[in-house]
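Per-entry structural report
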Amino acid sequence: MKFMKLGSKPDTFQTDGNSVRYVASELATDIIVYIGDVKFYLHKFPLLSKCSRLQKLVSSGNDGNGDEVNIDDIPGGASAFEVCAKFCYGMTVTLNAYNVVTSRCAAEYLEMHETVEKGNLIYKVDVFLNSVIFRSWKDSIIVVQTVKSTSPLSEEAKIISQCIDAIASKASVHVSKVDWSYTYNRKKIAEENGNDPGWEALRNRMVPNDWWVEDLCELDIDLFKKIIMTIKNKQVVSSEVIGEALKAYAYRKLPGSGKNVIQQNDLAKYRNILDTIVWLLPAEKGSVSCSFLLKLLKASISADSGETVKMELAKRIGRQLEEASVTDLLIRASDGEETMYDVHVVTKILEEFVTRDKNSMAEMEVGGEIQDMSSPVRPGILSEASKLMVAKLVDGYLVEIAKDPNLPLATFTGIAELVSGYPRPSHDALYRAVDTYLKVHPGISKSERKKLCRLMDCKKLSAEACMHAVQNERLPLRVVVQVLFFEQVRASASSGSSTPDLPKAIKELNSSSYGSSRSQTTNTDEDWDAVASSEELRALRGELASLRVGNGAMHERSNGESKMNGNSDRAAISKMKGLIMSKRIFSKIWSNKAAQAENSGSDSSESLGSGIHDEAKSTPTRKGRHSVS
């Protein structure tokens, strides 16, 4: 730390207890200066020759009290006044980063200007500040931390603004010119190459782009804000480094996520820090990670920040949602909310992502013509990969929130439908979310069950998911039959045999959505939407198994002959029709329709991913079934 010594005479200031200070001298003191509880017994001549304010106070004294002066409001208190008094006596005074601001403000208060005497204290302190302090990174940080108690006078003397500009200027220099000490966590240095013997020396010489960040984290939020704004205005430091500074400050000053609960008396303080960090975030996408933005959003909910802050964060998160994880999106709801998680704010985030997608598509239309899609994707235009990642993210999020017994169906389906048009190679995760919701909410109606199952596409279920679905007694019969058929189509394709034509019943199922009108009778429609019993599911699986075996045998006997392939096709169609329209199965459906509706929410299926075995030993009861969780 830099310092400067003023004066040459020995220090003869003495103390008598904690409240009396005097100068050891043969001359009797002739003035008493009161500063709070401390009394200074001094001499008028050295003081008045350099302090214009003391001259005025002494000359204005009435009733013979000119020998006593009270200056309680001097910046820096008794210690700062003592520095000024010693300077007046010519005694040795040491100025450093810790006392230079208070000394400068006290000298300003006492009016120790050049007009009173050449080489006065204000002039000497300004020289020290400009030639030493403002050129030192560490000393500048110390100085700016000491200005709080002297704020009005330090502002008037432009000490704060000069110090802030000095810090911002040093933070903006190229790293190759950084040759001063700074605080930095060395673990953040880029990848180490331990095999290189000269790497350690090189590592010690490296200066990271964010070398200044940790030192600024020691400042209070108001000073931090002023410095960051000055750095941004210089337009030299990248937005990523600014973002790193905000992230480091937030981790230093805000309670850790899930570790500390914000106390009521600290709420305003943390809210101010949080709101300021959000306000300082760079506009550029990617300047901070999506995970960090979500942490800020969780903190803003805990700190009860305003809706403006929350919505600003939601918009920023929506712009880079593909970077998020399911854990990031699981934001606990505020006290008093019925749901376990704050699904409304996640909906806002998704809406922002979808809106950005629509806007980017509109931007691609120039003069009514679509731009060349083979050209490089411009910044801001959503790629198919981003959509795929968000669709996968939403599926995983739905699995988690489906476990909430208080989650309304409309909220669940609303979130799923926001990204229903995005590509998904597999609907396994979506199926798992649907099954989890059915398990946790067994009391939903047939129409709600139908609406829920409409979210997934049976053709995009894996073989493992299909095996689970055909055992799942929570699904409507319509869905189970669709799964069986498409599994048979896939098995036929993989074995090389012709894919059977869709039987009439399946065509009717697939050609119309769940919400569309059909020519079937009301009773038939309700039966399709009824939940299949375990006996019916076993019968369907048995038919499917025999059909697979038959198709496999016919394919082996064909030896590539087209005639045998034609026979295989006809056999597959015949078997599939028997599978769907079997009187033995559907008579039971018609007769037990009411009982099936009662059991629509029962827990009957094995877990997705578990093997299906020992079917011969299974019983018609539902007790031994397990569900996706």
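About the cut-offs
Residues numbered from 1 in each chain as written. Predicted model: local features only at pLDDT ≥ 70, side-chain atom pairs only at ≥ 80, totals over all residues. Heavy atoms only, no water. Helix = DSSP H or I, 4+ residues; strand = E, 2+ residues; numbered from the N terminus. Buried < 20%, exposed > 50% of the residue type's maximum accessible area, 1.4 Å probe, protein only. Contact = heavy atoms within 4.5 Å. Areas by Shrake-Rupley, 256 points an atom, 1.4 Å probe, with all protein chains shown as cover. Disulfide = S-S within 2.5 Å. Core = buried A, V, L, I, M, F, W, Y, C linked by side-chain atoms within 4.5 Å. pLDDT = per-residue confidence, 0-100. Pairing = 2+ DSSP bridges. Expected span 1.5 Å × (residues − 1). Arc of directions from axis to C-beta. Polar contact = N/O pair within 3.5 Å; in protein donor to acceptor, adjacent residues only side chain to side chain. Salt bridge = Lys/Arg side-chain N within 4 Å of Asp/Glu carboxyl O.

Our next topic: the overall build of the protein chain. When helices and strands are tallied, the protein chain shows 29 helices and nine strands. Within the span of the protein chain, comprising 629 residues, buried residues form 47% of the whole. Within the protein chain, residue pairs in contact and separated by at least 24 positions form 72% of the contacts whose partners lie at least 6 positions apart. Accessible surface, the protein chain as shown: approximately 31,100 Å² in total, 50% of it carbon and sulfur.

So, about the environment of Thr-12. By the element assignment, Thr-12 lies in the loop between strand 1 (3-6) and strand 2 (13-16). Its relative accessible area of 25% is what places Thr-12 among the partly exposed residues. When the C-alpha positions of Thr-12 and Tyr-89 are compared, they lie 9.6 Å apart, and in sequence the two are 77 residues distant. Sequence-distant contacts of Thr-12, that is, excluding residues within four places in its chain, are made with Tyr-22, Val-23, Ala-24 and Met-91.

In total, this model carries zero disulfides according to the counting rule given. There is no disulfide at Cys-453, and the cysteine sulfur nearest it, in Cys-458, is 8.2 Å away. We classify Cys-453 as buried; its relative accessible area is 2%.

Ranked by internal contacts, the top residues of the largest apolar core, which has 162 residues, are Leu-42, Trp-212 and Leu-216. The residues contacting Leu-42, other than those within four sequence positions of it, are Phe-13, Val-23, Thr-29, Asp-30, Ile-31, Val-33, Leu-47, Phe-81, Ala-85 and Tyr-89.

Turning our attention to the side chain of Ser-103. Here Ser-103 is to be found in helix 4 (residues 100-109). Since its relative accessible area comes to 0%, Ser-103 is described here as buried. Not counting residues up to four positions away in its chain, the partners in contact with Ser-103 are Val-83, Cys-84, Leu-95 and Leu-121.

As a further point, take the confidence of the model for the protein chain. Of the residues in the protein chain, 69% reach a pLDDT of 70 or more, and the chain-wide mean stands at 78. Across the protein chain, the element-wise mean pLDDT spans from 41 in helix 29 (residues 593-598) up to 96 in helix 3 (residues 77-89). In this model, residues 188-203 is a region of pLDDT below 50 whose contacts with residues beyond four sequence positions or in other chains number 12 contacts. Below pLDDT 50 for its whole length, residues 609-629 participates in 53 contacts with residues either more than four positions away or in separate chains.

This paragraph deals with the pairing of strand 3 (residues 20-23). Across four bridges, strand 2 lies against strand 3 in antiparallel orientation. Opposite Gln-14, over in strand 3, you have Tyr-22 as the bridge partner. Turn length for the strand 2-strand 3 hairpin, with the two strands adjacent in sequence and antiparallel, is three residues, and the turn residue Gly-17 shows positive phi of about 75°.

Quick look at helix 11 (residues 221-234) now. Residue pairs spaced three or four apart in an α-helix point in one direction, given the helix's 3.6 residues per turn. Taking 1.5 Å per residue as the helical rise, helix 11 with its 14 residues ought to reach 20 Å, and the 20 Å between its terminal C-alpha atoms agrees with that figure. Burial in helix 11 covers these residues: Ile-221, Leu-223, Phe-224, Ile-227, Ile-228 and Ile-231. Seen end-on, helix 11 carries its buried residues on one side only, within an arc spanning 160°. Where the residues of helix 11 are buried, they touch helix 6 (137-145), helix 8 (159-171), helix 10 (213-216), helix 12 (239-253) and helix 13 (267-280). N-capping of helix 11 is provided by Asp-220, with a side-chain oxygen placed 3.2 Å from the backbone N of Asp-222. The positive-phi residue at the C-terminal boundary of helix 11 is Gln-235, with phi of around 55°.

All chains considered together, the criterion is met by 19 salt bridges. Note that Arg-104 is salt-bridged to Glu-108, the shortest N-O span being 2.6 Å. Placement of the pair is Arg-104 and Glu-108 together in helix 4, with a separation of four residues, close to one helical turn. Residue classification places Arg-104 among the buried positions, given a relative accessible area of 6%. Measuring nitrogen to oxygen at the nearest pair gives 2.7 Å for the salt bridge that ties Arg-104 to Asp-126. Remark: Asp-126 occurs in helix 5 (residues 121-131) and Arg-104 occurs in helix 4; sequence separation between them is 22 residues. Residue Asp-126 is classed as partly exposed on the basis of its relative accessible area, which comes to 25%. The structure contains a network of salt bridges with shared partners spanning Asp-11, Arg-21, Glu-82 and Lys-86.

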